[in-house]
Amino acid sequence: MQETDAIINARREMEVCNACRYCEGFCAVFPAVELRREFSAGDLSYLANLCHGCRGCYYACQYSPPHEWGINVPAALAEVRAESYAEYAWPKPMAVVFERNGTVVSLMAAFGIALVLLLCSLGSSNFWVAHGNTPESFYKVIPLWAMQIVGTATFGFSLFALAMGARNFWRDAGPQEKIGPTAVAIALWDVLTLKNLGGGGNGCNDNSEAFSMRRRYLHHAMFYGFMLCFAATTTGFIYHSFLGWPAPYPFISAPVILGTVGGILMVIGTIGLMAMKFVDDPIPNVRRLLGGDVALLMLLAMIAVTGLVLLAVRATGAMGLAMAIHLGFILAFFLVLPYSKMVHGVYRSAALLRRAIERNMKPLGGE
Amino acid sequence: MPDRTKTYDVLVAGGGNAALCAAITARQAGASVLLVESAPRAFRGGNSRHTRNLRAMHDQPNAVLTDAYKEDEYWDDLLRVTGGQTDETLARMTIRASSGLFGWMKDAGVRFQPSLTGTLNLGRTNAFFLGGGKALVNAYYLTAEKLGVEIMYDTEVTDLNMEDGSVRSVDIRYKGFPETVHARCVVASSGGFQANLDWMRQYWGDAVDNFVIRGTPYNKGRVLKSLLDQGVASIGDPTQCHAVALDARAPKFDGGITTRLDSVPYSVVVNKHGDRFYDEGEDVWPKRYAIWGRLIAQQPDQIAYSICDSKAFPLFMPSVFPAYKANTVEELAVKMKLDPAKVRETVKGFNKAVKPGQVFDNLKLDGNATSGLTPEKTNWARAVDKAPFYGYPLRPGITFTYLGVRVNEKAQVIMDNGQTSGNLFASGEIMSGNILGKGYLAGFGMTIGTVFGRIAGQEAARRARN
Ligand SMILES: Cc1cc2nc3c(=O)[nH]c(=O)nc-3n(C[C@H](O)[C@H](O)[C@H](O)COP(=O)(O)OP(=O)(O)OC[C@H]3O[C@@H](n4cnc5c(N)ncnc54)[C@H](O)[C@@H]3O)c2cc1C
Ligand code: HEM
Ligand code: SF4
Ligand code: SF4
């Protein structure tokens, strides 16, 4: 990481916290702070990605504004987190995309739909035809090979870019010690439960001193919904490629049930999280990050909604259009994946892994 | 906005832990309650917002405390720190009551850290608030609001107008404008007077200009003064205050816990002339930090400098301000505006006086002493010789004052003529002197405030509603 103003301020705030330590019961950040006396830019990037932004430490802080020290840990770390996304982006020139992330993600969504629609209308005479539930009906609109090539190429590239980003993070902000199996298990548990998004078990402070589990449950809905949709696609792929059962699948079948439940959960999670942007206290946050958050939430919501619509209309003449739009959003998602807020999942998981690796180190001073 | 024309059952003067415990308890007992806090909302909660734990008796381990801490040990600890300046009946009552507070506190929204995770070595005797004292204060305000306690911020109680040992009316200033309000009973929970520098100056002279007030600037002792002027019996030595060693760069007020410095036992400490003046290693720091405030207050310009090397640096909690750092002792002295030759001499003399071959152990009194110095350093004496060198300037930091009002076990205020007040109660720092006449026991301030806040709230509500 570079020595930016955000890093310098985050260092100042972490040094205050290290002398105070009142918040050590809230989350993983403070116990990690207590292990050191000096904070390199990489350390601060690690801490920033470890912070889940629950705001517990902001409302509990006796030095929060209007105190002259103006300690606001969630905001200070969100600034660094945002810079870390650009810092670790691969390839490097793509870092600029994080500057106006909301705009970029929205434009890509529009571009994705336009592209798929264009291709469909150019290449297929079956666009407006009602196919009923005949096997391979989807592929009459868009040939399977086209879906597979575009899907594999874009998603594959994005996964590679994400992996390179993870590598950059690990080099700059990773631990000295080796990864052990216990650490991986602990980190996985923290990722899957979002334990740190809960102020020591009481929940987040969304807009007041009162605690709430809202954000955590909504993220769970979105995250597990997303995973279920991913599982639905994977099962479909296995059915098709290995078992020779082509889509569409009956309503009572693994891919459709997984996809439907997942889609509904994603809608609940994303819409809920968007709604929270209206009530959240803006002070313990960074305003310019709002765009990227909302754009990704919107994109995920649209993927889910259009998927559910496609399911509803798949036997009718609207199937072609519904599918083109759904695939358009997915294409956009694949394209922006490594250049959107989605990277947070990777860096946050990596930060949790480093914390798990360091779990047995002893705090400095104070004993 | 609370209705200031109505007569409340209970008016609570103050907005810290003791006040909130009284207000919530009185409201739970059915009383209408007005809480008057002189600070704005953002700085509500007095010194309580800077705290982190409370000391509680317990006969066996529980969710937040390890092992056991029984009544007699607690009492012995109190006896030791106060040198007997305590009231055994009130003290033992407080100690016993401390074991039964958790349930009520948790119901009122307070959360604790699980036992053993605390940074300090106090997991047996002290329960740590999750997020510290401001989180506790926040939880109490939320509960109070939910229960219907009416709250006025930015409102100072200027006078409790007494007649025949009872409060008849209460003068307040709301955002600077005077008003008079009425209540059947009043609980005074407005803390000490350490933020009133003019009052402090009467005892300390101009040295107060070099004092740091660790907590809120709103504890000016206005209520305390009003009561003492009207024949309420006082307790505690008016000239005494709890003073610790702080980083001299601390803000004048509200610097809180982070400005304290634990470097002394592992350092050489000199005054502005570069001379050592006291045994830095006399005892473990938790037993000595409070005398260092006074020691520094007696030095010229009320300032001292702690100097250590890189061996010692990781052994104590960091201060909030970065240490001065240099590759030689002289350079360090220059950075701290001290005479480099003099400081070099002092450190050199110290290093020579360290007896060779001793085994250093920072976890106990290791007996590593100097020989031939005045004053000697009697523990943890190691040569200050491994660059880089680190230095901190130190000033006296005032935690609280001891002067207060006399109360009985029902938290009723007692008058000079020995009678109990008809409708005036007190809780927290303003009456701590009854139990803690001298010294300090970590976490005991919050215990007294919680126990007496609850009693005062209960008794005030009962009396008002009869
Ligand atoms: C940095 C620091 C750390 C501490 N840590 C601990 C700890 O960990 N554990 C512990 O037990 N103790 C600790 N203490 C001591 C502890 O703060 C006190 O014992 C305790 O807070 C006293 O509570 P209180 O409610 O009586 O007073 P306070 O919390 O100080 O509350 C006094 C209230 O009265 C208000 N007030 C004052 N004058 C007026 C007026 N005229 N009209 C209206 N309102 C008024 C103030 O604004 C304030 O809200 C610490 C103190 C400091 C300074
Ligand atoms: C892999 C581990 C993951 C962790 C630890 C994690 C954690 C978090 C946390 C703590 C937040 C709230 C703070 C913030 O706004 O930055 C958040 C927000 C968000 N997450 Fe995740 N996440 C993970 C994976 C995912 C996945 C897979 C998705 C996509 C489905 C996702 C989508 C989002 C979105 C869109 C937001 C913004 C929501 C908002 O704050 O309004 N996350 N995540
Ligand atoms: S956020 Fe504030 S209260 Fe919490 S550890 Fe940091 S300085 Fe202390
Ligand atoms: S996770 Fe919550 S408590 Fe921890 S640093 Fe971030 S905002 Fe503060």
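Remember, predicted model here, so these are calculated numbers, not experimental data.

Cut-offs and rules
Residues numbered from 1 in each chain as written. Chains lettered and ligands numbered in written order. Predicted model: local features only at pLDDT ≥ 70, side-chain atom pairs only at ≥ 80, totals over all residues. Heavy atoms only, no water. Helix = DSSP H or I, 4+ residues; strand = E, 2+ residues; numbered from the N terminus. Rg over C-alpha atoms; globule rule 2.2 N^0.38 Å. Contact = heavy atoms within 4.5 Å. Areas by Shrake-Rupley, 256 points an atom, 1.4 Å probe, with all protein chains shown as cover. Lys, Arg positive; Asp, Glu negative; His and termini not counted. Charge placed at Lys NZ, Arg CZ, Asp CG, Glu CD. Donors = N, O, S within 2.8 Å, 3.2 Å for Na, K, Ca; no water. Tetrahedral: all angles 85-135°; square planar, octahedral: opposite > 155°, others 65-115°. Buried < 20%, exposed > 50% of the residue type's maximum accessible area, 1.4 Å probe, protein only. Near = heavy atom within 4 Å. Polar contact = N/O pair within 3.5 Å; in protein donor to acceptor, adjacent residues only side chain to side chain. Nonpolar A, V, L, I, M, F, W, Y, C, P; charged D, E, K, R; others polar. Core = buried A, V, L, I, M, F, W, Y, C linked by side-chain atoms within 4.5 Å. pLDDT = per-residue confidence, 0-100. Salt bridge = Lys/Arg side-chain N within 4 Å of Asp/Glu carboxyl O. Phe/Tyr/Trp six-rings, centres within 6.5 Å; stacked < 30°, edge-to-face > 60°. Lys NZ or Arg CZ within 6 Å of the ring centre and 35° of its normal. Axes fitted to C-alpha atoms, helices over the stretch in contact; angles between N-to-C directions. Parallel < 35°, antiparallel > 145°, perpendicular 65-115°, else oblique. Buried area = accessible area lost by both parts, 1.4 Å probe.

### Points about the overall build of chain B
Looking only at helices and strands, chain B features 12 helices and 18 strands. The globule rule puts the C-alpha radius of gyration for 466 residues at 23 Å, and the 23 Å found for chain B is close to it. Once local pairs closer than 6 in sequence are excluded, the contacts in chain B between residues at least 24 apart make up 73%. In the structure as shown, chain B presents an accessible area of about 17200 Å², 49% of it carried by carbon and sulfur atoms. Computed over 55 positive and 49 negative side-chain charges, the inter-centroid distance for chain B is 4 Å.

### Looking at the coordination of the iron atom of ligand 2
Residue and element names in this part refer to chain A. The protein atoms that coordinate the iron atom of ligand 2 are His219 (NE2) and His344 (NE2), at distances spanning 1.9 to 2.0 Å. Metal-centred angles of 85 to 178 degrees between the six donor atoms at the iron atom of ligand 2 mark the site as octahedral. Taken as a pair, histidine 219 in helix H10 (residues 214-242) and histidine 344 in helix H14 (residues 343-357) lie far apart in primary sequence, 125 residues in all. Across the pair, histidine 344 and histidine 219 agree in class, each one buried.

### Observations regarding the site of ligand 2
Residue and element names in this part refer to chain A. Looking at ligand 2, there are 21 residues lining it, with His219, Met222, Lys277, Lys341 and His344 nearest. Taking histidine 219, its side chain carries an N or O atom lying 2.6 Å from a nitrogen atom of ligand 2. Within the side chain of lysine 277, one N or O atom sits 2.7 Å away from an oxygen atom of ligand 2. If you list the elements that add at least two residues to the shell around ligand 2, you get H10, helix H11 (254-279), helix H12 (290-313) and H14. At five residues, the largest contribution of residues to the shell around ligand 2 is made by H10. For the shell around ligand 2, the class distribution of residues is 10 nonpolar, five polar and six charged.

### With respect to the nonpolar core
In summary, soluble globular proteins display a tendency toward joint burial of nonpolar side chains. Formed by 104 residues in total, the largest nonpolar core has its most connected members in Met105, Tyr140 and Phe452 of chain B. The leading source of residues in this core is helix H12 (residues 444-465) of chain B, at 10 residues. Leave out the neighbours within four places in its chain, and tyrosine 140 of chain B touches Asn17, Leu20, Cys21, Ile24, Trp104, Met105, Ala108, Val110 and Thr450 of chain B. Membership of the second largest hydrophobic core comes to 80 residues, among which are Val29, Phe39, Ile303 and Phe329 of chain A.

### Overview of the site of ligand 4
Every residue near ligand 4 is listed here: Phe26, Cys27, Val29, Phe30, Cys51, His52, Gly53, Cys54, Arg55, Cys57, Val73 and Pro74 of chain A. Each residue belonging to the shell around ligand 4 can be placed in one class, and the counts come to nine nonpolar, two polar and one charged.

### Notes on the confidence of the model for chain B
Looking at chain B, pLDDT values average 95 and 99% of them are 70 or higher. On the interface metric, ipTM, the complex scores 0.93, and its pTM is 0.95.

### Thoughts on the pattern of salt bridges
Close approach of charged atoms allows side chains of opposite charge to pair. Residues and elements named next belong to chain B. Evaluated as defined, the whole model comprises 44 salt bridges over all chains. As a salt-bridge pair, aspartate 9 and arginine 465 come within 3.7 Å of each other at their nearest N and O atoms. With aspartate 9 in strand S1 (residues 7-13) and arginine 465 in helix H12, this pair connects stretches of sequence that are 456 residues apart. Taking the shortest distance from any N to any O, the salt bridge between arginine 124 and glutamate 73 comes out at 2.6 Å. A residue pair is termed long-range when its members are at least 10 positions apart, and arginine 124 in the loop between helix H4 (102-107) and strand S4 (126-128) and glutamate 73 in helix H2 (residues 71-82) qualify at 51 residues. Exposure remark for glutamate 73: the relative accessible area of 31% places this residue in the partly exposed category.

### A short note on the packing of aromatic side chains
Per the stated rule, a full pass over the model turns up 37 aromatic pairs over all chains. Seen from their ring centres, phenylalanine 313 of chain B and tyrosine 390 of chain B are 3.7 Å apart, and the 5 degrees between their planes marks the pair as stacked. Of this pair, phenylalanine 313 of chain B sits in the loop between strand S13 (304-309) and strand S14 (324-326) while tyrosine 390 of chain B is found in strand S15 (residues 389-401), placing the two residues 77 residues apart along the sequence. Assigned by exposure class, phenylalanine 313 of chain B and tyrosine 390 of chain B land together as buried. Pairwise contacts between aromatic rings join Tyr85, Tyr88, Phe98, Phe169 and Tyr347 of chain A into one cluster. Against the face of phenylalanine 313 of chain B rests arginine 37 of chain A, its NZ or CZ located 4.3 Å from the ring centre. In this arrangement the basic side chain of arginine 354 of chain A is found over the ring face of tyrosine 46 of chain A, its NZ or CZ atom lying 4.0 Å from the centre.

### Comments concerning the packing of helix H1 (residues 5-20) of chain A against helix H3 (residues 41-50) of chain A
All names here are of chain A. Their axes nearest at 10 Å, the elements H1 and H3 cross at an angle of 75 degrees. Put simply, H1 runs roughly perpendicular to H3. Counting all contacts with H1, which are made through Ile7, Ala10, Arg11 and Met14, the residues of H3 involved are Ala41, Leu44 and Leu47. Tallied by class, residues from the contact of H1 with H3 come to six nonpolar, no polar and one charged.

### Points about the interface of chain B and chain A
The partner chain A presents 32 residues to the 43 residues of chain B that form the contact. Approximately 3000 Å² of surface area, both sides summed, lies buried where chain B meets chain A, with 54% of it carried by carbon and sulfur atoms. Inspection of the chain B/chain A interface yields three salt bridges. Measuring nitrogen to oxygen at the nearest pair gives 3.6 Å for the salt bridge that ties glutamate 209 of chain A to arginine 44 of chain B.

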